[in-house]
Amino acid sequence: MATRNQAPQGQPCQLQQQQQRSSKKRGKDRVLLPLSQGVKDTDWGDSASLKKNFPLYKDKKKYVSQQVSDGPLRLQLVEAVPQSAEAGGITDLFERSFGGFDGDGGGERATLLPLVRCAAAPGRVNLIGEHTDYTGGYVLPLAIGYNTVVFGRGGVVADASGGGGGGAAPTSRVASADRPSVAEFAVGPDSTPSTSSADAWADYVHGVAAQYLPDLPPGKTFAFDVAVAGDVPLGSGLSSSASLEVATAVFLEGILEGCSGAARSARGEAPTTAKEAKMERAVRCQRAENEFCGVPCGIMDQFVSSAGREGKLLLIDCRSLDFREVSAGDGGGDDAPVLVVTNSNVKHSLGDGEYPVRVRQCKEATEILSKANPRIATLRDATTADVEAAASSAGLEGVLLRRARHVVSENERTVEAANALERGDWATVGRLMNESHDSMRDDYDVSCDEIDVLVELARGFEGVYGSRLTGGGFGGCTVTLVRRDSSRRLIEHLGREYEKRTGKKCVCFETSPGNGARAIGL
């Protein structure tokens with residue numbers, strides 16, 4: 001698969017400009033230089049070697065930060081804050097909401113919360129494997145170039161509310177570029193969701209913070225002031241909520257690393273590998289959304305936002321939490337595809353209405369199947385033959401039959417699609433995507449008229465291998481596998497014809513697998 005990605009990428013932005021201003025106040029001078037290809041962001045070098053190896057190369061992902069001080073000239077490579085932060089004016093938002101970054105503007109809060117951290121986490125597109133994760137099935141998502149950025153200051157502080165002194169718990173505050181007011185809450189073992197609908201979005205931050213409380217020593221809690229900005233379209237099916245959760249988790253992990261005496265794992269032991277740490281982060285974030293925000297989602301969104309890697313899709317086993325990185329086959333031929341994501345601009349909310357109903361229906365279907373075959377603990381364990389047998393002899397019928405048929409067949413399609421991708425069999429991948437959408441529309445009832453129009457328009461366009469709804473459904477986005485040389489014309493076609501058919505405007509972009517969550521070097 002081609003590796004083009006036209007989603008917004010990192011650019012020199014307000015955070016870096018603020019850093020430069022702050023450094024100059026301290027008698028230091030900071031400048032930004034473009035980073036050449038092939039250099040990792042942990043590399044260092046002296047000025048002579050770096051000048052030789054850094055021609056003017058316009059890489060939009062990383063930059064070189066050059067600091068001039070009394071000592072030898074050194075250059076450190078740091079990742080630029082994604083454009084999502086710049087678009088939201090994240091440092092300006094922080095200053096408007098909470099004051100400055102140091103004692104001059106932040107007052108007592110700056111002393112109480114001494115650690116400044118920044119983290120970013122991407123949204124995702126699921127190529128195939130929809131509504132299978134909460135039954136322990138298989139999914140095949142990729143991280144994309146749209147991100148949520150969390151920037152601010154924080155610390156580990158005494159929890160006066162639990163110390164017997166009757167004091168108030170220290171509060172945390174969250175400001176968003178998309179919200180008019182600052183949400184405020186205290187993170188503690190008895191934390192509860194907001195009772196204000198206007199602040200309900202901050203529950204995704206609050207809930208994640210509560211998941212990290214067991215990492216702290218007794219009598220301690222988190223307090224932080226953070227600004228949130230991003231370019232993951234809200235309600236689009238690209239997992240804006242998961243990207244917020246995972247970015248929050250990385251921010252808090254940075255706070256933990258900066259505080260002595262903090263434990264590192266709620267299980268009592270630290271993850272032994274980077275892979276385990278990413279898996280544990282995803283589990284915490286899913287638990288926060290399930291338990292604190294009341295959304296019965298599976299783990300796919302948090303998992304790929306945490307563990308995504310450039311150039312790789314992830315085939316995730318949502319029961320064992322093991323995953324396999326999947327590379328597309330040889331992408332150099334004329335028939336090599338790219339992925340085009342199209343936002344229908346029909347918004348959804350997974351916490352409302354039909355999504356929890358699907359979760360319940362899957363459980364009810366599983367109960368019927370397990371009575372007929374005790375080895376079936378979840379729909380992940382069932383085969384198409386099991387579903388057909390239960391339909392004829394165990395009373396699996398109507399809506400429950402259709403729900404089970406989708407999930408079981410979708411698991412089979414997802415594993416087959418991963419294998420087809422690796423061998424470059426684009427026609428098979430496209431066929432499986434088409435079958436997936438038809439199943440979601442007819443058996444799972446999660447599509448809508450606008451999404452069906454986009455899929456129909458894409459499937460009828462020359463060079464398209466397959467197209468389907470991606471995400472939880474009830475609106476959101478489609479993902480289309482299309483020949484690279486046809487993608488631009490497809491985007492123009494969808495924009496023109498979708499508006500004719502629906503009266504709505506759609507937004508399209510090309511994407512390819514990107515990296516997962518990361519701390520942003522300051």
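Residues numbered from 1 in each chain as written. Predicted model: local features only at pLDDT ≥ 70, side-chain atom pairs only at ≥ 80, totals over all residues. Heavy atoms only, no water.

1. Here we look at the sheet that holds strand β15 (residues 507-511)
With antiparallel pairing, four strands are arranged side by side in an open sheet as β13-β14-β12-β15. Looking at strand neighbours, the two that pair on one side only are β13 (464-470) and β15, the edges of this open sheet. Averaged over all adjacent pairs, the angle separating strand axes in this sheet is 20°, with direction ignored. Pairing of β13 with strand β14 (residues 477-483) involves six bridges; the strand directions are antiparallel. By the bridge assignment for β14, arginine 468 is matched with valine 479. (Pairing = 2+ DSSP bridges. Helix = DSSP H or I, 4+ residues; strand = E, 2+ residues; numbered from the N terminus. Axes fitted to C-alpha atoms, helices over the stretch in contact; angles between N-to-C directions.)

2. Describing the pairing of β13
Within β13, seven of the seven residues are buried, which leaves the element mostly enclosed by the surrounding structure. The loop that links β13 with its antiparallel partner β14 comprises six residues; one of these, glycine 471, has a positive phi angle of about 100°. (Buried < 20%, exposed > 50% of the residue type's maximum accessible area, 1.4 Å probe, protein only.)

3. Some remarks on the pairing of β15
Among the five residues of β15, four are classified as buried, and the element is accordingly described as predominantly covered. Sheet topology note: the strand β12 (residues 337-343)/β15 ladder contains five bridges and is antiparallel. Bridging across to β15, leucine 339 finds its partner in threonine 511.

4. Digging into helix α15 (residues 487-502)
Compared with an ideal rise of 1.5 Å per residue, which puts 16 residues at 22 Å, α15 spans 22 Å between its outermost C-alpha atoms and is within 8% of the ideal. When α15 is considered as a whole, its buried residues turn out to be Ser487, Leu490, His493, Leu494, Glu497 and Tyr498. Looking straight down α15, one finds its buried side chains confined to an arc of 115°; they lie on one side. Residues of α15 that are exposed and angled more than 90 degrees away from the buried face: Arg488 and Lys500. On its buried face, α15 is in contact with β12, α14 (449-459), β13, β14 and β15. Positive phi shows up at glycine 503, right after α15, with a value of about 80°. (Expected span 1.5 Å × (residues − 1). Arc of directions from axis to C-beta. Contact = heavy atoms within 4.5 Å.)

5. Considerations on unusual backbone geometry
One non-glycine residue, serine 239, lies in the positive phi region at around 70°. Here serine 239 lies in the loop between β9 (220-230) and α7 (240-257). Even without being glycine, phenylalanine 474 reaches a positive phi, approximately 60°. By relative accessible area, phenylalanine 474 is classed as partly exposed at 22%.

6. Let's talk about helix α4 (residues 90-98)
For α4, the set of buried residues is Ile90, Thr91, Leu93, Phe94 and Phe98. Within α4, the buried residues cover an arc of 155° as seen down the axis, which keeps them to one side.

7. Structural notes on the nonpolar core
As a rule of thumb, soluble globular proteins bury nonpolar side chains together. Of all hydrophobic cores here, the largest spans 60 residues; its most connected members are Val174, Phe222, Phe224, Phe251, Leu252, Leu369 and Leu396. Each residue touching phenylalanine 222, except ones within four places of it in the same chain, is listed here: Gly155, Val156, Val157, Ser172, Val187, Ala209, Tyr212, Leu213, Leu216, Leu252, Ile255 and Leu256. Counting residues in each nonpolar core, the second largest holds 27 residues, with Leu142, Val326, Tyr465 and Phe509 among its members. (Core = buried A, V, L, I, M, F, W, Y, C linked by side-chain atoms within 4.5 Å.)

8. Examining the packing of aromatic side chains
Per the counting criterion, the structure on display carries seven aromatic pairs. On the basis of an interplanar angle of 75° and a centroid distance of 6.2 Å, the ring pair of phenylalanine 224 and phenylalanine 251 is categorised as edge-to-face. Linking phenylalanine 224 in strand β9 with phenylalanine 251 in helix α7, this pair joins segments that are 27 residues apart in sequence. Here the aromatic residues Phe94, Phe98 and Phe151 are joined through ring pairs into a cluster of three or more. One residue, lysine 275, lies across the ring of phenylalanine 323, its end atom 4.7 Å from the ring centre. (Phe/Tyr/Trp six-rings, centres within 6.5 Å; stacked < 30°, edge-to-face > 60°. Lys NZ or Arg CZ within 6 Å of the ring centre and 35° of its normal.)

9. A word on the environment of phenylalanine 185
Residue position: phenylalanine 185 is located in strand β8 (residues 183-186). Residue class for phenylalanine 185 comes out buried when judged on its relative accessible area of 10%. Through-space distance from the C-alpha of phenylalanine 185 to that of valine 174 is 8.8 Å; in sequence the pair is 11 residues apart. In contact with phenylalanine 185, other than residues within four places in its own chain, are Pro170, Thr171, Ser172, Val174, Ala202, Val205, His206 and Phe224.

10. Some points on the environment of valine 304
As for its position among the elements, valine 304 is in helix α9 (residues 300-307). Linking valine 304 and phenylalanine 323, residues 19 residues apart in sequence, is a C-alpha distance of 9.9 Å.

11. Structural notes on the environment of valine 295
In this structure, valine 295 sits in the loop between α8 (274-292) and α9. Of the residues examined, valine 295 reaches a relative accessible area of 4% and is grouped as buried. Each C-alpha atom of the pair valine 295 and tyrosine 355 lies 8.6 Å from the other, and the pair is 60 residues apart in sequence.

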